[in-house]
Amino acid sequence: MIIAGNLKTNHTRASTKDYIEILNKFMYVNSIKDKVYIFPPFTAIDNFITNVKVGIQNAYPTESGSFTGEIGFSQIEEFKIDTILIGHSERRHILGESNELIQEKFNFFKEKNFIIFYCIGEPLEIRKQGLDAVLEYIDNQLIGIDLNYENLIIAYEPVWAIGTGVSASVKEIKETHLALKEKFSKPLLYGGSVKPSSVKEILEIDEVDGVLIGTASWKIEDFNKILEISKEI
Ligand code: PEP
């Protein structure tokens with residue numbers, strides 16, 4: 001099982017260090033066998049000594065250069081990070097990232113052999129039109145993405161479920177994942193308001209290979225609870 005936490009714009013350098021230490025200890029003491037990934041904010045990235053895999057939430061597809069406010073490969077390489085989130089809905093919809101830029105990022109970090117968490121998912125108006133519309137929307141997000149790339153992990157994250165407290169239903173997740181798994185054979189995570197109270201029923205869906213968690217990963221107690229629950233599945 002893959003369990004990933006996206007800290008987004010939360011936690012400081014100091015609190016991330018504590019978070020990772022507590023998490024690492026919890027995983028050791030409880031013999032957690034999941035693959036656990038944490039995506040801290042840029043300023044908190046460090047050479048952590050941990051079994052938790054630390055990834056980057058975003059980067060510009062460049063070695064280095066003049067891209068004010070962005071970081072490139074050379075800044076990431078310094079910390080030996082080889083995992084990145086690409087296509088997250090907040091970058092697509094709040095920060096206005098186009099499919100073209102997302103493809104460029106994908107291809108750049110694929111060349112670097114990164115583990116890529118590629119996020120896909122539809123807004124509410126598309127979901128309201130039914131599964132066919134959802135799949136058509138997602139097909140567009142998959143254009144130019146090499147679905148055979150060996151280090152690819154895909155996260156299905158309906159936009160309307162992200163940060164809203166309302167997860168997609170088990171039925172919606174199951175039918176969407178079933179249909180997506182006909183398009184590619186990569187690990188497929190669900191993301192969108194997963195909480196300690198809902199993670200069991202979501203991880204029990206056969207077509208779910210793990211979860212990408214935002215809000216419920218910010219408090220280490222909640223994230224550890226999720227790991228504890230995942231152990232029973
Ligand atoms: C996310 O941002 O990837 C996410 C799933 O957020 P949340 O769990 O808060 O919905």
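Above this text is the structure in question.
Residues numbered from 1 in each chain as written. Predicted model: local features only at pLDDT ≥ 70, side-chain atom pairs only at ≥ 80, totals over all residues. Heavy atoms only, no water.

Novice: Just checking my understanding: could you explain the layout of surface pockets for this structure?
Specialist: Quantified by volume, the largest pocket comes out at close to 320 Å³. Contributing to the lining of the largest pocket are 13 residues, with Lys-8, Thr-9, Gln-57, Arg-91 and Leu-95 lying nearest its centre. Classifying every residue of the lining of the largest pocket gives five nonpolar, five polar and three charged. In this model, the second largest pocket occupies a volume close to 180 Å³. Around the second largest pocket sit 16 residues that line it, and Gly-163, Ser-193, Ile-213, Gly-214 and Thr-215 are the ones nearest its centre. For the lining of the second largest pocket, the class distribution of residues is five nonpolar, eight polar and three charged. (1 Å grid on protein atoms, 1.4 Å probe; cavity = no way out; pocket = protein on both sides within 12 Å on 5 of 7 lines; lining within 4 Å. Points joined across faces, edges and corners; volume = space filled by probe spheres on them. Nonpolar A, V, L, I, M, F, W, Y, C, P; charged D, E, K, R; others polar.)

Novice: Can you help me understand the pattern of salt bridges in this one?
Specialist: When the charged atoms of two side chains with opposite charge come close together, those side chains can pair. Scanning the entire structure with this criterion turns up 15 salt bridges. Note that Arg-127 and Glu-175 form a salt bridge whose closest N and O atoms lie 3.8 Å from each other. Taken together, the positions of Arg-127 in helix α5 (residues 124-127) and Glu-175 in helix α7 (residues 170-180) put the pair 48 residues apart, joining distant regions of the chain. Relative accessible area serves as the criterion here: at 10%, Arg-127 is assigned to the buried category. Looking at Glu-175, the relative accessible area reads 27%, which means it is partly exposed. Lys-181 is paired through a salt bridge with Asp-209; the nearest N and O atoms lie 2.8 Å apart. (Salt bridge = Lys/Arg side-chain N within 4 Å of Asp/Glu carboxyl O. Helix = DSSP H or I, 4+ residues; strand = E, 2+ residues; numbered from the N terminus. Buried < 20%, exposed > 50% of the residue type's maximum accessible area, 1.4 Å probe, protein only.)

Novice: Hey, could you run me through the pairing of strand β4 (residues 83-86) in this one?
Specialist: Here is the key point about a regular strand: its side chains alternate between the two faces of the sheet. Burial along β4 is two-sided: the face carrying Thr-83 and Leu-85 and the face carrying Ile-84 and Ile-86 are both buried. Where β4 meets strand β5 (residues 115-120), four bridges bridge the pair, whose relative direction is parallel. Paired with Ile-84 across the bridge in β5 is Ile-116. (Pairing = 2+ DSSP bridges.)

Novice: Quick question: what am I supposed to make of the nonpolar core here?
Specialist: In terms of nonpolar packing, the biggest core is built from 63 residues, with Leu-23, Phe-109, Ile-116, Tyr-118, Phe-223 and Leu-227 touching the most fellow members. Beyond its immediate sequence surroundings of up to four residues, Tyr-118 is in contact with Ile-86, Arg-92, Ile-102, Phe-106, Gln-141, Leu-142, Ile-145, Leu-152, Ile-153, Ile-154 and Ala-155. With 12 residues, the next largest nonpolar core counts Ile-2, Ile-115, Ile-153 and Leu-189 among its residues. (Core = buried A, V, L, I, M, F, W, Y, C linked by side-chain atoms within 4.5 Å. Contact = heavy atoms within 4.5 Å.)

Novice: Could you clarify how one ought to interpret the environment of Lys-80 in this entry?
Specialist: By the element assignment, Lys-80 lies in the loop between α2 (73-77) and β4. Sequence separation of Lys-80 and Asp-18 is 62 residues, and the distance between their C-alpha atoms is 20 Å.

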